[in-house]
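Secondary and tertiary structure notes
One letter stands for each residue in the lines below.
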Amino acid sequence: MESGRARYWVLVMIVAISGFSQGMLLPLISVIFEQDGVSSTLNGLNATGLYIGTLIISPFMEAPLRRFGYKPVIVFGGLAVFLSLLLFPLWKSVMFWFVLRLIIGMGDNALHFATQTWITSTTPQERLGRNIAVYGLMFSAGFAVGPLFVPLIHVFEGLPFIVSGLLCMAAWSLVFLLKNDFPDIIQGNEASLSFIRRIRETMKVAWVAFIPPFGYGFLESSLNAIYPVYALREGIDVSYISFILAAFSVGAITSQIPLGMLSDRIGRRSVIIFALGGGAAAFFGAGFAGSEALGVLVAVFIAGIFVGSTFTLGISYMTDLTPKMFLPMGNLLCGIFFSVGSLTGPILGGYVVGREAGIGYLTFIAMFIALLFIVFLIGRPQPKRAV
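Now for a description of the structure that goes with this document. (Residues numbered from 1 in each chain as written. Predicted model: local features only at pLDDT ≥ 70, side-chain atom pairs only at ≥ 80, totals over all residues. Heavy atoms only, no water.)

**Quick notes on the overall build of the chain**
- Across its full length, the chain carries 17 helices and 0 strands.
- Whereas a compact globule of 387 residues would reach a radius of gyration of roughly 21 Å, the chain reaches 20 Å, a difference of no more than 12%.
- Along the three orthogonal principal directions, the C-alpha set of the chain runs to about 60 × 45 × 35 Å.
- Buried residues in the chain amount to 58% of all 387 residues.
- Restricting the contact set of the chain to residue pairs at least 6 apart, pairs at least 24 apart contribute 87%.
- Carbon and sulfur atoms make up 69% of the accessible area of the chain, which totals about 14700 Å².
- Side chains of the chain give 23 positive and 18 negative charges; the mean places of these two sets differ by 12 Å. (Helix = DSSP H or I, 4+ residues; strand = E, 2+ residues; numbered from the N terminus. Rg over C-alpha atoms; globule rule 2.2 N^0.38 Å. Buried < 20%, exposed > 50% of the residue type's maximum accessible area, 1.4 Å probe, protein only. Contact = heavy atoms within 4.5 Å. Areas by Shrake-Rupley, 256 points an atom, 1.4 Å probe, with all protein chains shown as cover. Lys, Arg positive; Asp, Glu negative; His and termini not counted. Charge placed at Lys NZ, Arg CZ, Asp CG, Glu CD.)

If you want it as structure tokens, here you go:
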């Protein structure tokens with residue numbers, strides 16, 4: 001398969017199934033643990049296994065990508081994910097499931113790092129926003145469908161894991177249709193830079209672009225891992241929780257391509273500011289809705305329209321700011337910031353829910369996004385020539 005278009009669609013299909021497995025896994029395990037009497041704090045800490053795995057493997061991803069190319073890294077990542085998913089039903093243990101989530105985090109990082117870098121390195125600048133938006137749309141579509149499979153636990157507790165694992169294996173097999181490729185070679189003085197120096201130089205020109213992936217990671221993991229716990233305690237039915245979580249992803253799907261195309265026309269920075277401001281307002285509305293499930297669903301859907309595209313907008317903005325030879329490092333840092341956000345989201349969210357006093361969980365999320373809006377608004381990156 002040599003066509004660039006065909007390669008692009010294989011990559012986004014793989015990402016869609018990865019989104020499905022993540023969207024199902026977070027609320028599924030949270031619901032199982034909550035029904036088994038596991039504390040919200042421990043529930044949130046267990047959810048961080050996915051993102052700890054991502055952080056552990058991050059420093060080791062750039063070198064294999066440059067040496068072996070995109071395809072082997074994707075093969076490794078997909079294999080780790082679907083084998084781990086199929087192992088969940090074998091033994092229900094907080095520690096065992098934490099280890100499996102750790103491995104899934106490593107596999108997901110390899111998969112997303114390779115696919116993102118492959119797409120951003122080969123997409124023309126004038127179509128970058130649209131192509132990355134479609135990439136994000138497919139991930140969001142999978143993520144939206146994932147929570148709808150949570151009620152399968154009423155049939156058999158291990159059934160959702162098995163279904164997700166088999167779908168991931170089917171999508172993973174598509175990568176064998178692709179011809180391997182490699183990122184641009186680092187040349188000149190930059191070739192002698194150490195790993196830490198490449199991080200520093202990339203951060204100089206693109207640090208502000210990593211704020212949206214950080215915020216999206218925080219929001220996604222906390223919302224899917226902790227909101228089910230909060231909603232159950234508020235008296236909202238499990239099936240309705242699945243629809244609320246799916247509503248966020250559906251909102252993201254609705255706006256992903258329009259915002260991506262808009263960013264190609266008026267600039268990434270302006271669209272990201274608009275998205276963060278609107279997302280904060282929508283989550284404040286969800287907080288005011290309280291335990292009124294329909295009101296929360298509508299507000300979360302609107303929030304998804306605004307902030308559901310911030311991860312892909314951040315990737316596109318990073319690509320605008322970063323020299324092409326440093327794109328692997330830029331994509332790696334997008335993944336690291338996303339993982340740091342995803343790691344802290346369930347911990348802080350679990351703490352807020354565990355207090356059972358003070359501000360509500362959704363109001364806490366709104367305040368967090370408002371803070372990111374302020375930081376992004378005042379932040380200014382250096383121009384590309386600084387590297």
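**With respect to the environment of serine 263**
- Structurally, serine 263 can be placed in helix H12 (residues 238-266).
- Under the relative-accessibility criterion, serine 263 is labelled buried at 2%.
- In sequence terms serine 263 and serine 309 are 46 residues apart; their C-alpha atoms lie 11 Å from each other.
- A distance of 3.1 Å separates a polar atom in the side chain of serine 263 from a polar atom in the side chain of arginine 268. (Polar contact = N/O pair within 3.5 Å; in protein donor to acceptor, adjacent residues only side chain to side chain.)

**So, the packing of helix H13 (residues 268-289) against helix H15 (residues 310-321)**
- Between H13 and H15, whose axes approach to 10 Å, the crossing angle comes to 155°. Relative to H15, the element H13 is oriented roughly antiparallel. Crossing handedness for the pair H13 and H15: left-handed. Here H13 contributes Arg268, Arg269, Val271, Ile272, Ala275 and Leu276 to the contact with H15, which in turn contributes Thr310, Leu313, Gly314, Ser316, Tyr317 and Asp320.
- A per-class count over the contact of H13 with H15 returns 6 nonpolar, 3 polar and 3 charged. (Axes fitted to C-alpha atoms, helices over the stretch in contact; angles between N-to-C directions. Parallel < 35°, antiparallel > 145°, perpendicular 65-115°, else oblique. Left-handed = near helix turned anticlockwise from the far one by under 90°. Nonpolar A, V, L, I, M, F, W, Y, C, P; charged D, E, K, R; others polar.)

**A few points about a nonpolar patch on the surface**
- A grouping of Leu148, Tyr240, Phe243, Leu294, Val298 and Ile302 is seen on the molecular surface, where their side chains present a nonpolar patch of about 530 Å² in accessible area.
- Within the residue set of the nonpolar patch, elements represented by two or more residues are H12 and helix H14 (293-307).
- With 3 residues, the single largest contributor to the nonpolar patch is H14.
- Along the chain, leucine 294 turns up in helix H14.
- The exposure class of leucine 294 is exposed, given its relative accessible area of 51%. (Patch = residues over 30% accessible without salt bridge, like charges linked within 9 Å, V, L, I, M, F, W, Y side chains within 5 Å. Salt bridge = Lys/Arg side-chain N within 4 Å of Asp/Glu carboxyl O.)

**Describing helix H16 (residues 327-355)**
- Taking 1.5 Å per residue, 29 residues should reach 42 Å; H16 reaches 42 Å between its end C-alpha atoms and fits that length.
- Burial of H16 is extensive: 21 of the 29 residues sit out of reach of the surface. (Expected span 1.5 Å × (residues − 1).)

**Digging into the side chain of glutamine 256**
- By secondary structure assignment, the location of glutamine 256 is in helix H12.
- Classification of glutamine 256 as buried rests on a relative accessible area of 1%.
- Separated by 2.5 Å, the side chains of glutamine 256 and threonine 312 make a polar contact.

**Brief notes about the pattern of salt bridges**
- All chains considered together, the criterion is met by 8 salt bridges.
- Its salt-bridge partner being arginine 198, residue glutamate 62 comes within 2.7 Å of it at the nearest N-O pair. You can see glutamate 62 sitting in helix H4 (residues 62-68) and its partner arginine 198 sitting in helix H9 (residues 195-206), a full 136 residues away along the chain.
- Classification of glutamate 62 as buried rests on a relative accessible area of 2%.
- The exposure class of arginine 198 is buried, given its relative accessible area of 14%.
- Across the pair glutamate 201 and lysine 204 runs a salt bridge, and its minimum N-O distance is 3.4 Å. Placement of both glutamate 201 and lysine 204 in helix H9 is noted, with a separation of 3 residues, approximately one turn of the helix.
- Residue classification places glutamate 201 among the buried residues on the basis of a relative accessible area of 9%.
- Judged by relative accessible area, which is 36%, lysine 204 ranks as partly exposed.

**So, helix H3 (residues 49-57)**
- Buried residues of H3: Gly49, Leu50, Tyr51, Gly53, Thr54 and Ile57, and no others.
- The secondary structure elements touched by the buried residues of H3 are helix H1 (4-35), helix H2 (40-47), helix H5 (70-87), helix H6 (94-122), helix H10 (211-225) and H16.

**Overview of the environment of isoleucine 369**
- With respect to the element layout, isoleucine 369 can be found in helix H17 (residues 361-378).
- Spatially, the C-alpha atoms of isoleucine 369 and valine 307 are 9.0 Å apart, while their sequence positions differ by 62 residues.
- Excluding residues that lie within four positions of it along the chain, isoleucine 369 makes contacts with Leu219, Leu276, Gly279, Ala280, Phe283 and Val307.

**Quick look at the nonpolar core**
- Of all hydrophobic cores here, the largest spans 118 residues; its most connected members are Phe88, Tyr227, Phe283, Tyr361 and Ile369.
- With 16 residues, the top contributor of residues to this core is H1. (Core = buried A, V, L, I, M, F, W, Y, C linked by side-chain atoms within 4.5 Å.)

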